[in-house]
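A closer look at the structure
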Amino acid sequence: MISGFSSCVYKSYPGSTFELMEEAVSKALEMANLSYNDVDGLLATYLPGTFDEKVHLHFFTNQVRQYLGIKARFIDTIDFGGASALAMVYRAYKAVKAGEADTVLCIIGGKASGIRSKGLTVDSLDRYTNDVSLTPFDDFYRIYGDMNPVSDYALVAMRHAKLYGTSDESRAELAVKQRYNAKNNPYALYKNDLSVKDVLSSPLISEPLHLLEIVYPVDGFHCFVVSKRNSPLYKLDILGYGEAHWQAMPPELQDIVQTPAVESSREMAYDLSKVDAFELYDSFTITVMLQIEDIGLVEKGKVAKFVEDKDISYKGEVPINTGGGSLNCGQPAYMSGGIILHEALLQLNSMAQGHQVDGAKKIFLNGIGGWNRSHSVSLILGVRE
Amino acid sequence: MEQEPFRIIDLGCKGMNLKEIVDFYYMSFDKGSLPYICCEACGNKFYYPRSLCPKCHSKQLRLCTSTGKGVIFSYTRINRKEGQLIYAIIEMNEGFRMYSNVEGKNVDIGNEVQVYFSEARGRNYPFFRLLG
């Protein structure tokens, strides 16, 4: 099913975004033992401002194909932010099963360094040009000087702390435990020792979130090749899948401490005790903690104790973010579930050098997207028995 | 400044268009009152202007004016080079919620706030300060 995959991540890539994308695609096809001529499907995610700093690319998938030289009979774009990569492989898998394509490229990433140098993120491009809107209601909230997505998740973390007593230390503990997993991961950017004190003494960006609880945006692409052809990789299957897309502005939600992962994971009704590892999207420490609750590893409000008590290392009882996650590998193009999907594929193919989960056969992934947490995709990938 | 008492403005606005709603919002801000929308069909109260109810999709909407009093639902102090500001979600006594800024010391979830209006980007907008 997933015949090849790649990760090309740089703190700052000097060349064109198209070139960086090509590097990732070529690498994934090489792993799959396939050529560009075998490709007849494309799924891509476009993140504003991250393609050579262009706000918009007209006919985006055409531009990708024009550069790479790909003729296709199946094309789509997915726009779920941090939940995109998981949705892309699912849709590619369905397309291949239905005979709509034989080999589909799933491409996600971009260059974050350009807009970063302007002090912007993909969620604040409207401060750079009037030609971008974030919601239908920008005039009624952007005047308040938010720093979304950081401030949006800060509001959630603050309320979670108030309702359930979740301390700054417990979020820091999560960051420390993820760092442990990153230490032996060749793909990690950050590997030095990290303590709770280090996290809590890093600058307070948007209270209660500290700098070391926030992902670092990098330049990079992931490519996943979904094909019906044989490949050197293990044969994987999708054992469970669920999506949920919420539509309310965060103030209009019943509460902000729940994410749509409550629904996307429930759709699968899967026994979590049969899962060997969890890869949970980690834009911020609180993002992981919300998902630990919402996918049902622990009930709402109890995640602090869960993080304190459980060994979530790749050697532990409940391995979570086994390669250190985006917090330690960087976040390509400001949002991407590519990091967690790439890590899951390393694990399932026994390729996780230095941080392999013993006997990893089934992995639960969850992606969250949108600055306001509107998208959630839950996916269980497993090695076919 | 003394707030106007709670009142409901029924514009008989079945099928009111978005521009009329937004105009009413800015007119309210200029007069020092906080508008919101009440769905006549399901009772949903919401702040972010739409021409239909996002819950039941009825177009029978009523423009209302809030007492301007509410509590902090959540907040964050944002630290920027230019200084610190408090970004918050306010839960109004009528039940709808909105983003805003809060002024004052001892800001905490559940603390009572009162709306005031101030200019931003050349227009009046609602802001909040702590009561008491």
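Conventions adopted
- Residues numbered from 1 in each chain as written.
- Chains lettered and ligands numbered in written order.
- Predicted model: local features only at pLDDT ≥ 70, side-chain atom pairs only at ≥ 80, totals over all residues.
- Heavy atoms only, no water.
- 1 Å grid on protein atoms, 1.4 Å probe; cavity = no way out; pocket = protein on both sides within 12 Å on 5 of 7 lines; lining within 4 Å.
- Points joined across faces, edges and corners; volume = space filled by probe spheres on them.
- Helix = DSSP H or I, 4+ residues; strand = E, 2+ residues; numbered from the N terminus.
- Nonpolar A, V, L, I, M, F, W, Y, C, P; charged D, E, K, R; others polar.
- Expected span 1.5 Å × (residues − 1).
- Buried < 20%, exposed > 50% of the residue type's maximum accessible area, 1.4 Å probe, protein only.
- Arc of directions from axis to C-beta.
- Contact = heavy atoms within 4.5 Å.
- Polar contact = N/O pair within 3.5 Å; in protein donor to acceptor, adjacent residues only side chain to side chain.
- Domains from an automatic or database assignment.
- Buried area = accessible area lost by both parts, 1.4 Å probe.
- Salt bridge = Lys/Arg side-chain N within 4 Å of Asp/Glu carboxyl O.
- Pairing = 2+ DSSP bridges.
- Right-handed = clockwise from strand over helix to strand, strands pointing away.
- Axes fitted to C-alpha atoms, helices over the stretch in contact; angles between N-to-C directions.
- Parallel < 35°, antiparallel > 145°, perpendicular 65-115°, else oblique.

Focus: the layout of surface pockets
Taken as a whole, the largest pocket holds about 1200 Å³ of empty space. Along the wall of the largest pocket there are 44 residues; nearest its centre are R116(A), T121(A), M147(A), V150(A) and I214(A). Where the lining of the largest pocket is concerned, the elements lending two or more residues are α5 (150-164), α6 (168-182), α11 (325-329) and β11 (362-369) of chain A together with β5 (69-80) of chain B. Ranked by residue count, the leading element in the lining of the largest pocket is α6(A), at three residues. Per-class residue counts for the lining of the largest pocket are 23 nonpolar, 13 polar and eight charged. Computed from the structure, the second largest pocket encloses a volume of approximately 700 Å³. The wall of the second largest pocket is formed by 29 residues, among which D79(A), S133(A), L134(A), W371(A) and H375(A) lie closest to the centre. Of the residues that constitute the lining of the second largest pocket, the class distribution is 16 nonpolar, 10 polar and three charged.

Quick look at helix α1 (residues 17-32) of chain A
All names here are of chain A. Between its first and last C-alpha, α1 extends 23 Å over 16 residues, near the 22 Å set by a 1.5 Å rise per residue. Of all the residues in α1, the buried ones are T17, F18, L20, M21, A24, V25, A28, L29 and A32. Taken down its axis, α1 places every buried residue within 165° of arc, on the same side. Those residues of α1 hidden inside the fold are in contact with β1 (2-10), α2 (60-68), β4 (103-110) and β7 (217-227). One side-chain oxygen at the N-terminal end of α1 lies 3.0 Å from the backbone nitrogen of F18; it belongs to S16. Positioned one or two residues after α1, N33 has a phi angle of 60°, which is positive.

Quick word on the domain arrangement of chain B
Residues and elements named next belong to chain B. In terms of domains, chain B is made up of domain 1 (7-65) and domain 2 (69-130). For domain 1 and domain 2, the distance between their C-alpha centres works out to 21 Å. Each partner contributes to the interface: domain 1 provides 12 residues, whereas domain 2 provides 12 residues. Overall, the association of domain 1 and domain 2 removes approximately 1100 Å² of surface from exposure, summing both partners, and the carbon and sulfur fraction of that is 68%. The largest contributions to the domain 1 side of the interface with domain 2 come from Y26, F29 and L34, which together make up 45% of the buried area. Summed over the shared surface of domain 1 and domain 2, the result is zero salt bridges. Our count for the contact surface shared by domain 1 and domain 2 stands at three residue pairs in polar contact (both at pLDDT 80 or more). Counting only elements with at least two residues in the side of domain 1 that touches domain 2, the list comes to α1 (18-31), β2 (35-39) and β3 (45-46). At three residues, α1 tops the list of elements feeding residues into the side of domain 1 that touches domain 2.

Let's talk about the pairing of strand β3 (residues 74-77) of chain A
Residue and element names in this part refer to chain A. Where strand β2 (residues 41-45) and β3 come together, four bridges link them in parallel fashion. Its bridge partner being in β3, A44 is matched across the sheet by T77. Crossover handedness for the path β2 to α2 to β3: right-handed.

Looking at the pattern of salt bridges
All names here are of chain A. Inspection of the entire model under this criterion finds 24 salt bridges over all chains. Between K228 and D102 there is a salt bridge whose closest N-O contact spans 3.3 Å. Taken together, the positions of K228 in the loop between β7 and β8 (236-245) and D102 in the loop between α3 (84-97) and β4 put the pair 126 residues apart, joining distant regions of the chain. A salt bridge links K305 to D309, with the shortest nitrogen-to-oxygen separation between them at 2.6 Å. With a gap of four residues between them, K305 and D309 both fall in helix α10 (residues 303-309), about one helical turn apart.

What about the packing of α1(A) against α2(A)?
Residue and element names in this part refer to chain A. In contact at an axis separation of 11 Å, α1 and α2 are set at 70° when each is read in the N-to-C sense. Between α1 and α2, the angle is such that the two are roughly perpendicular. Residues F18, E19, M21, E22 and V25 of α1 lie in contact with α2, whose contacting residues are Q63, V64, Y67 and L68. Its residues placed into classes, the contact of α1 with α2 shows six nonpolar, one polar and two charged.

As for the interface of chain A and chain B
Interface size is often expressed as the accessible area that is lost when the parts come together. Every contact between the two is made by 32 residues of chain A and, on the other side, 33 residues of chain B. Summed over both partners, the interface of chain A with chain B buries about 3000 Å², with 59% contributed by carbon and sulfur atoms. The largest contributions to the chain A side of the interface with chain B come from F140(A), Y144(A) and P251(A), which together make up 28% of the buried area. Note that K162(A) is salt-bridged to D108(B), the shortest N-O span being 3.0 Å. Joining chain A to chain B, the criterion identifies 17 residue pairs in polar contact (both at pLDDT 80 or more). For the side of chain A that touches chain B, the secondary-structure elements that each account for two or more residues are α5 and β5 (204-206) of chain A. Grouping the constituent residues of the side of chain A that touches chain B by class yields 17 nonpolar, five polar and 10 charged.

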